[in-house]
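Structure assessment
In case you want the letters, here they are:
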Number of protein chains: 2
Amino acid sequence: MGPLCRSLPVQLPMRFNQQAAMECTREARVTDLPQSGPLIEAFDVQLFRENTESVLAKLEKHLADLSIRGLELTDPAQLTRMARALMTTEHEKTAAFDEAKLSAIVDLYIRTGIQVHSPGYMGRQFSGVVPLSGVIDFVSSVVNQPSSFYEAGQLPNVVERIMADELNRFIGYRPGTFDMVTTSGGSLANLTALLTARNRAFPGVWARGGPELAGPARPAVAVGADVHYSVARAAGILGIGEDRIVRLPLDTARRIDVSRAGPALDAAERQGLDVFCLVASAGTTSVGAFDPLDELAALSRERGLWLHVDGAHGASLLVSDELRHKLRGIDQADSLAWDAHKMMFVPAPCTLLFYRNREHSREAFRQTASYVFDAQPGVYTALDSGDKNFECTKRPMMMTLWVLWAMYGRALFAEKIEYLCRLTRDAHAILEKQDDFETLHFPEANIMCFRYRPEWLADDEVAQFQVDIRNRIKQDGQFFISKVDVDGVAALRVVMMNHQITTEHFQMLLGEIRKAGRKK
Amino acid sequence: MGPLCRSLPVQLPMRFNQQAAMECTREARVTDLPQSGPLIEAFDVQLFRENTESVLAKLEKHLADLSIRGLELTDPAQLTRMARALMTTEHEKTAAFDEAKLSAIVDLYIRTGIQVHSPGYMGRQFSGVVPLSGVIDFVSSVVNQPSSFYEAGQLPNVVERIMADELNRFIGYRPGTFDMVTTSGGSLANLTALLTARNRAFPGVWARGGPELAGPARPAVAVGADVHYSVARAAGILGIGEDRIVRLPLDTARRIDVSRAGPALDAAERQGLDVFCLVASAGTTSVGAFDPLDELAALSRERGLWLHVDGAHGASLLVSDELRHKLRGIDQADSLAWDAHKMMFVPAPCTLLFYRNREHSREAFRQTASYVFDAQPGVYTALDSGDKNFECTKRPMMMTLWVLWAMYGRALFAEKIEYLCRLTRDAHAILEKQDDFETLHFPEANIMCFRYRPEWLADDEVAQFQVDIRNRIKQDGQFFISKVDVDGVAALRVVMMNHQITTEHFQMLLGEIRKAGRKK
């Protein structure tokens, strides 16, 4: 019928199935585009420009504000009332766009958040992003190209492969034989790696489930005692069992003590456990310790274990010539989780999961779905990752990292990471000179735990005192720090993620801690 | 020591542990902030403004371009070369910021992506976002407030609770007794719901793993035959087993046929399966069918099954008075997955997982981790969701949806969804009048599958012909459509996500399909 069909009247009687009869009779007609109302307004391009400009001015001010500030903690009930007051009610729905309301919302959002760009922020592993990565993420939000399928996001898929090769220069897998997928966060990367290890060790589980794990020995995973909670959580999810986590003893620097790891694995075996995977940490969450990867790789090889490295925090040190040695042996790991949203300073989430052996990356998930996975792979579908990553719709997260890398090379990252680690060592040196502070470890990276112990403080009050101090600072202070248990006793913790922090700021923090301590 | 300590020289001899001796000797000093180089440049606020303005101009043009276009498919090898050519090489790392390079990158990114804002885009469930939601996501990318913990993102946490209440007005759970968490995508929401159901049905599994599932009967999950692939995948992950998925028969409208569901469950039981969960779909991926939730809720109650509804695509119809009836019975579901990044038109991912019973939301994960979960919950930690959602660091995804809701109320969403469903019904009516096209179902929502069957086409060529047409259109066409198997035979599929599409565009698509068919 060709172009003629375009002008055919379609209001004529139609065939339709029974169930739909009522709807069709009422509504079928040539569909007209609405000409006004919220829908037209919401897609108005001029309004988009105005809103972006308004937001840009606020973000610019926010980034330029280097004042030292902590949290502005608001009672949730009060904040709820403030947020509710900014909402359009049902009867107002035809009102014109209210710029003042949007402005108030964005101000409230920025003000009540964690101030990652302030030198007062020393509390968590969240990053004050490199501003350009935020700009690129803005593009991603508007063009909305999911990256699990090449056809939907061609450049994101291509740059995933490029960045895999770029970063592998520092990992050292054999070019062309490894693989990398992106995942929505480090927890999902750890889960995916453990799933791969489980499926390889117990091939029947994927199809036939947990009963396949009911052999004479119980499947188990060995970890360092300070491993991130997502690993034990993954064991609970995967049907391995949270209780089947074998915690290997640590040395005084809170790294897995290899000399005691072998005997601990033997003991686990005697208790009826079948350890199939060892998870090492490259930068533990609590103190930033790096497990000895080369020795653990040898141990894993010897015992036929899958070696997964949770490098969510510390893998980024690989890009620094000065710091790379902390991950010696990483090229022998079977898998590696790496959060670029931590020490590569891009918006969260942006996690990379590397596999030493390319074949393994297809063993986590084993599926077909006709509307997403093509039966006949071709040049365009070869880059699809939907069968290798958990997500179906996945943010094109690699774009932010790639653009920074494309514009600045690795110098940007190496310079910042080296500064942060140096700063933390200098802070440690400062602490060591204070009689009223106790250091707990030498900082291998940019995380440091310590306790405030003025001489008048009784030993049995130490733990609660640290919690109290953290809470006082959180609620009233100029700084944001965190709390962590070290050897079962609460400690204060700083994470240096902002290169605009200097040792001066750290010394101010010590003053604030002392002041908070006097309140007792 | 007070403020004096700020000026203390710290280059004096220090105590440090043995392993760190070398590093300390070489590097410890009062840390200076670098004064120039890529790090300083990258955080330059003026440059941030200039880059944002440059990107804004491109996005503005992109949004205003309503030309009819499909994919601009590029060979991955060629695109890789283009991307590589835009990267700074190691020796150029000190070069000044290259605006032209950034401009070329962003142009390439926008041009090679799926054109979700064009009326030629009819192919997937990805959304051309409401522009304001992209602007808010930009704020989120720069301020970087993860939303698993109240202290890190106060407003995101508060608006999660507000939106849970707002949207529950259309679900109908009893206020104050239900719960909602956000997750990074629908697959993760489905996994979390099934995990909760598994943990409740088999309480020992979380701690002791799969062997707990090795009772006389095998744990199993019943689903509609058209359920999303993430559900079977979840069974593989959770130790239930992908083979333990019981596929319930569908009626002619491709909904679960309740009259045959009971007998199918009985048959599964006789085969030694212990079905503990039923997954219904509210908007299947392939044809957009809505399973009869009220009847399935009765069936689930009768048999003691957890009823999970995958409403990733179709739950958004709840906000429309006209369309809500398709989800009748949703208030009886134990859990509901709802992708706001589909039919609420915000950037991906933004998924909501509702639980009818608030207590159940804490049964998916059962953990402690001192640096994130406070032992003593207080007013500020009561809103933390880290123990209820999988992610540790989680994007503050609710901000985009809440701001649209706050500015426009639900009218924006209802108007757009109603238009898209009306458009799809009208497209169906058009198809019904064409002798050379075959309709396969009445479109309940905005998804429609059909086949092109000119009279000269042999029956055994129908399936391959649809694939060929889809491929030709993908590579050369003005439109983007997808392919799906219906009853094991390939079909063409349109998903109407863009309100700028009219029936005129659909008729043009039919012309293009006919043209592609002639190429054979």
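Bear in mind the structure is a predicted one, so any value in this text is a computation, not a measurement. (Residues numbered from 1 in each chain as written. Chains lettered and ligands numbered in written order. Predicted model: local features only at pLDDT ≥ 70, side-chain atom pairs only at ≥ 80, totals over all residues. Heavy atoms only, no water.)

Regarding the interface of chain A and chain B
Note: interface size is frequently given as the accessible area lost on complex formation between the parts. Which entries qualify depends on this criterion: The contact criterion used throughout is that any non-hydrogen atoms of two residues lie within 4.5 Å. By convention, the term buried area covers the 1.4 Å-probe accessible surface removed from two parts as they join, with the contributions of both added. For salt bridges, the criterion is a side-chain nitrogen of Lys or Arg within 4 Å of an Asp or Glu carboxyl oxygen. Secondary structure elements are defined from DSSP: runs of H or I of at least 4 residues count as helices, runs of E of at least 2 residues count as strands, and each element is numbered from the N terminus.
The interface is formed by 215 residues belonging to chain A together with 210 residues belonging to chain B. Here chain A and chain B share an interface that buries about 19800 Å² over both sides, 61% of which is from carbon and sulfur atoms. A salt bridge links R49 of chain B to E60 of chain A; the nearest nitrogen and oxygen atoms lie 2.7 Å apart. Looking at which element gives the most residues to the side of chain A that touches chain B, the answer is helix α3 (residues 45-64) of chain A, with 16 residues.

Things to note about the packing of helix α6 (residues 131-143) of chain B against helix α14 (residues 398-408) of chain B
Any two packed helices are characterised by the angle at which their axes cross and by the distance between the axes. Residue and element names in this part refer to chain B. Put simply, the rule reads: Axis angles are defined between N-to-C directions and span 0 to 180 degrees, where every axis is a line fitted to C-alpha atoms and, for a helix, only to the segment in contact. When describing relative orientation, an angle under 35 degrees is termed roughly parallel and one over 145 degrees roughly antiparallel, while 65 to 115 degrees is termed roughly perpendicular and anything else oblique. By convention the crossing between two helices is left-handed if the near helix lies anticlockwise of the far one by an angle smaller than a right angle, and right-handed if it lies clockwise. Side-chain classes follow a simple rule in which Ala, Val, Leu, Ile, Met, Phe, Trp, Tyr, Cys and Pro form the nonpolar group, Asp, Glu, Lys and Arg form the charged group, and the remainder, Gly included, forms the polar group.
Interaxial distance between α6 and α14 falls to 9 Å at its minimum, and their mutual angle equals 135°. One way to sum up the angle between α6 and α14 is to call them oblique. Every pair of crossing elements has a handedness; the one defined by α6 and α14 is right-handed. For the pair α6 and α14, the contacting residues are L132, S133, I136, D137 and S140 in the first and M399, T400, V403, L404, M407 and Y408 in the second. For the contact of α6 with α14, the residue count by class is 7 nonpolar, 3 polar and 1 charged.

What to know about the pairing of strand β11 (residues 489-495) of chain A
Two faces, one strand: in a regular strand the side chains alternate between the faces of the sheet. Applicable threshold: The rule is simple: take the accessible area with a 1.4 Å probe, protein chains only, and divide by the maximum for that residue type; under 20% is buried, over 50% is exposed, in between is partly exposed. Two strands pair if DSSP finds at least two bridges between them.
With respect to burial, β11 of chain A is a largely interior element, 6 of its 7 residues being buried. Connecting the antiparallel pair strand β10 (residues 482-486) of chain A and β11 of chain A is a turn made up of 2 residues, with D487 of chain A showing a positive phi of about 55°.

Topic: α3 of chain A
The cut-off we apply is this: To estimate the expected span of a helix, count its residues, drop one, and scale the result by 1.5 Å. Counting of polar contacts relies on pairs of N or O atoms within 3.5 Å, with two restrictions inside protein: one atom must be capable of donating a hydrogen and the other of accepting it, and residues adjacent in sequence are counted only when both atoms are side-chain atoms.
With 20 residues, α3 of chain A extends 28 Å between its outermost C-alpha atoms, agreeing within 8% with the 28 Å of an ideal straight helix rising 1.5 Å per residue. What α3 of chain A keeps buried is the set V45, L47, F48, N51, T52, V55, L56, K58, L59, E60, H62 and L63 of chain A. Where the residues of α3 of chain A are buried, they touch α2 (38-42), α5 (99-111) and α6 (131-143) of chain A together with α3 (45-64), α6 and α14 of chain B. N-capping of α3 of chain A is provided by D44 of chain A, with a side-chain oxygen placed 3.1 Å from the backbone N of Q46 of chain A.

Focus: helix α15 (residues 411-432) of chain B
Residue pairs spaced three or four apart in an α-helix point in one direction, given the helix's 3.6 residues per turn. The end-to-end C-alpha distance of α15 of chain B, which contains 22 residues, comes to 31 Å, matching closely the 32 Å that a straight helix rising 1.5 Å per residue would cover. Judged by how many residues are buried, α15 of chain B sits mostly within the fold: 21 of 22 residues are covered.

Let's talk about the sheet that holds strand β7 (residues 351-355) of chain A
All names here are of chain A. Strand order in the open sheet made by the 7 strands is β1-β7-β6-β5-β4-β2-β3, with mixed pairing throughout. A single partner strand is all that each edge strand has here, and the edge strands are β1 (179-183) and β3 (245-248). Strand-to-strand twist in this sheet, taken as the mean axis angle between neighbours without regard to direction, amounts to 25°. Alignment of strand β2 (residues 218-224) against β3, held across 4 bridges, turns out to be parallel. Paired with A222 across the bridge in β3 is V246. Running over the sheet, helix α10 (residues 229-237) touches β2, β3 and β4 (273-281) and is turned about 155° from β3.

Considering the side chain of Q154 of chain A
Inspection of the secondary structure puts Q154 of chain A in helix α7 (residues 154-171). Ignoring any residue separated from it by four or fewer positions in sequence, one finds Q154 of chain A in contact with Q145 of chain A together with E72, L73, T74, L79 and T112 of chain B.

Looking at the pattern of salt bridges
A complete count under the given rule lists 66 salt bridges over all chains for this structure. With a shortest N-O distance of 3.2 Å, D137 of chain A and R395 of chain B are connected by a salt bridge. Taken together, the residues D137 of chain A in helix α6 and R395 of chain B in the loop between β7 (351-355) and α14 connect one chain to another. We classify R395 of chain B as buried; its relative accessible area is 6%. For E444 of chain A, the salt bridge is made with K326 of chain A, and the minimal N-O distance between the two is 3.8 Å. Residue E444 of chain A is located in the loop between β8 (437-439) and β9 (447-452), and its partner K326 of chain A is located in the loop between β5 (306-310) and β6 (335-339); the two are separated by 118 residues in the primary sequence. The two residues E444 of chain A and K326 of chain A agree in class, both being buried.

What to know about the UniProt feature "modified residue: N6-(pyridoxal phosphate)lysine" (unreviewed entry) in chain A
Residues and elements named next belong to chain A. Cut-off, in case you're wondering: UniProt positions are given in the numbering used here, feature names are shortened, and annotations may be inferred rather than shown by experiment.
As recorded in UniProt, the sites labelled "modified residue: N6-(pyridoxal phosphate)lysine" (unreviewed entry) are K342. Topologically, K342 is positioned in helix α13 (residues 340-343). Looking at K342, the relative accessible area reads 11%, which means it is buried. Setting aside anything within four residues of it in sequence, one finds K342 in contact with Q125, S127, A312, H313 and M497. At 2.5 Å, the side chain of K342 and the side chain of D339 are in polar contact.

Focus on the relation of the copies chain A and chain B
Condition: The superposition of copies rests on a least-squares fit of C-alpha positions from residues with pLDDT of 70 or more in both.
With an RMSD of 0.0 Å, chain A superimposes on chain B once it is rotated by 180° and translated 0.0 Å along the axis. Read as a symmetry element, the transformation amounts to a two-fold axis. Rotation axis and chain A: the residue whose C-alpha lies nearest the axis is G210 of chain A, separated from it by 1.8 Å. A share of 98% of the interface residues of chain A reappears at the interface of chain B, consistent with the copies meeting face to face through the same patch.

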